[in-house]
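Notes for the structure review
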Amino acid sequence: MNIHEYQGKQILKSFGIATGEAILAETPEQAVEAAKTLQQKTGTSIWVVKAQVHAGGRGKAGGVKLAKSLDEVKEKATAILGMKLVSRQTGPQGKIVHKILIAEDLYYPGESKTQEFYMSVLLDRKKGHNTIVYSQEGGMDIEEVADKTPEKIFKEDVDPKVGIQGFQCRKIAFNLGLDGQAFKEMTKFIANLYKAYEQTDSSLFEINPVLKTSDNKIIAVDAKVSLDNNALFRHPDYAAMRDELEEDAMEVEAGKSGLNYVKLDGNVGCMVNGAGLAMATMDIIKLSGGEPANFLDVGGTANAERVEKAFRIILKDVHVKAILVNIFGGIVRCDRVAQGIVDAYKNIDNISIPIIVRLQGTNAVEAKKLIADSGLKVFSAVELKEAADLVKKVLS
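Structural notes, computed from the coordinates. (Residues numbered from 1 in each chain as written. Predicted model: local features only at pLDDT ≥ 70, side-chain atom pairs only at ≥ 80, totals over all residues. Heavy atoms only, no water.)

1. With respect to the side chain of His235
Within the fold, His235 resides in the loop between β13 (224-227) and α7 (236-239). For His235, a relative accessible area of 12% translates into the label buried. Non-local contacts of His235, meaning those with residues more than four positions away in its chain, are made with Gln199, Thr200 and Asp201. (Helix = DSSP H or I, 4+ residues; strand = E, 2+ residues; numbered from the N terminus. Buried < 20%, exposed > 50% of the residue type's maximum accessible area, 1.4 Å probe, protein only. Contact = heavy atoms within 4.5 Å.)

2. A closer look at the state of the cysteines
Overall, the coordinates contain zero disulfides when judged by the stated rule. Free of any disulfide, Cys270 has its nearest cysteine sulfur in Cys334, 18 Å distant. Since its relative accessible area comes to 1%, Cys270 is described here as buried. (Disulfide = S-S within 2.5 Å.)

3. Points about the sheet that holds strand β4 (residues 64-67)
Strands belonging to one sheet form pairs held by backbone hydrogen bonds; the direction of such a pair is parallel or antiparallel. The strand order across the open sheet built from four strands is β2-β7-β3-β4, with neighbouring strands paired in antiparallel fashion. If you trace the sheet from one side to the other, it starts and ends with β2 (22-25) and β4, each paired once. Within this sheet the neighbouring strands show an average axis-to-axis angle of 20°, counted without direction. The sheet contact formed by β2 and strand β7 (residues 100-104) spans four bridges and is antiparallel. Directly across from Ile23, in β7, lies its bridge partner Ile102. Along the sheet, helix α2 (residues 28-42) makes contact with β2, β3 (47-51) and β7, crossing β7 at roughly 20°. Running at roughly 165° to β4, helix α3 (residues 70-80) makes contact with β3, β4 and β7 of the sheet. (Pairing = 2+ DSSP bridges. Axes fitted to C-alpha atoms, helices over the stretch in contact; angles between N-to-C directions.)

4. So, the nonpolar core
Within soluble globular proteins, side chains that are nonpolar tend to cluster in buried spots. Formed by 37 residues in total, the largest nonpolar core has its most connected members in Met119, Ile132, Met186, Phe189, Leu193 and Phe205. Elements with a contribution of two residues or more to this core: α1 (5-14), β8 (115-124), β9 (129-135), α5 (166-175), α6 (180-199), β11 (202-212), β12 (218-220) and β13. Counting residues per element, this core draws most heavily on α6, which supplies eight residues. Excluding residues that lie within four positions of it along the chain, Leu193 makes contacts with Leu12, Ile17, Met119, Val121, Phe205 and Ile207. Counting 34 residues, the second-largest nonpolar core is a separate cluster that includes Val298, Val307, Val337 and Ile341. (Core = buried A, V, L, I, M, F, W, Y, C linked by side-chain atoms within 4.5 Å.)

5. Brief notes about the packing of aromatic side chains
In total, this model carries two aromatic pairs according to the counting rule given. Where Tyr134 meets Phe154, the ring centres are 5.4 Å apart and the plane angle is 20°; that geometry is what we call stacked. Here the residue Tyr134 occupies a position in strand β9, and Phe154 occupies one in strand β10 (residues 153-158), the gap between them amounting to 20 residues. What makes Phe154 partly exposed here is its relative accessible area of 29%. The interplanar angle of 40° and the centroid separation of 6.1 Å between the aromatic rings of Tyr194 and Tyr197 together place this pair among those described as tilted. (Phe/Tyr/Trp six-rings, centres within 6.5 Å; stacked < 30°, edge-to-face > 60°.)

Put into structure tokens, the structure is as follows:
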């Protein structure tokens, strides 16, 4: 589960990491009041207005603006709120900005001795270790640094059985070119960042930039955090940070119905029971000349209600030109699934696209007869190749 920058900074603060002062706002008027509060609290006369969306690259996309007066705060807030922010990480569809963060400017006037670093903690699945990725080249162009000068990106593997060690923190600080007080502050920062990553059951902590000020403070200027969905039961306070406005509406609806749904960009909807079967079904769709429009797993209890709900979700995608249902009847009986398909077809008005159904396993013969006798525009298949041929036929 992704969370916003302001929420990530709340977590960082709870682990002793400095982030600077900032206040959330949802209207231009709230932004001005937030700026006034920060001025009274910190003495700042320059503010940063930052779009709060679940994506990086906000600066280049116009989602981060500097304001040098209260009038400018209102002007920048008005421009950013409601905008469609399109960055390298959002994709061409972009994200609508509903919230902004008003932050104190952490770069001292006339400052020439600040440094920006990049740092993230994530899991290296191949090695089975957590990894700290870091670079001296922090800031908006980190993707370009990774593409053009990968030698400037460093990695430090951390064995999760023993956790991060002092020598590793010192090694990272040394590779970042630090010494003296800044070196000491950075080693503390790294240790606390890793602790935050581990104890929150996160899958990613990305800080870009990590700022070293001229007086050798180390501050997290930004925070991109992804929490492991499977561990949220241990962190109800973090689970409450979920922002459904930042997620695909159909994926949210499917989740509430207990369905595993991921929207893709293709033209053939697929409904299956089991993740492995879903992958095989998407391969078959590709081989037939189509493109999968979604990954939808109805689970082991594919009853009539769940099947109907799955159909309704898939049909909301206007790009879907056909639906392939591929169910293996192990725990669930194929004839019950078939009846669910027939009932769903009758309950949903104006299904204008072909539906291909492949049911194998318990009571598969009875299931095929149910569909054949229904008189509906549903094509039945037994073998995977047969199903693929039918997909190809209806798309041509």
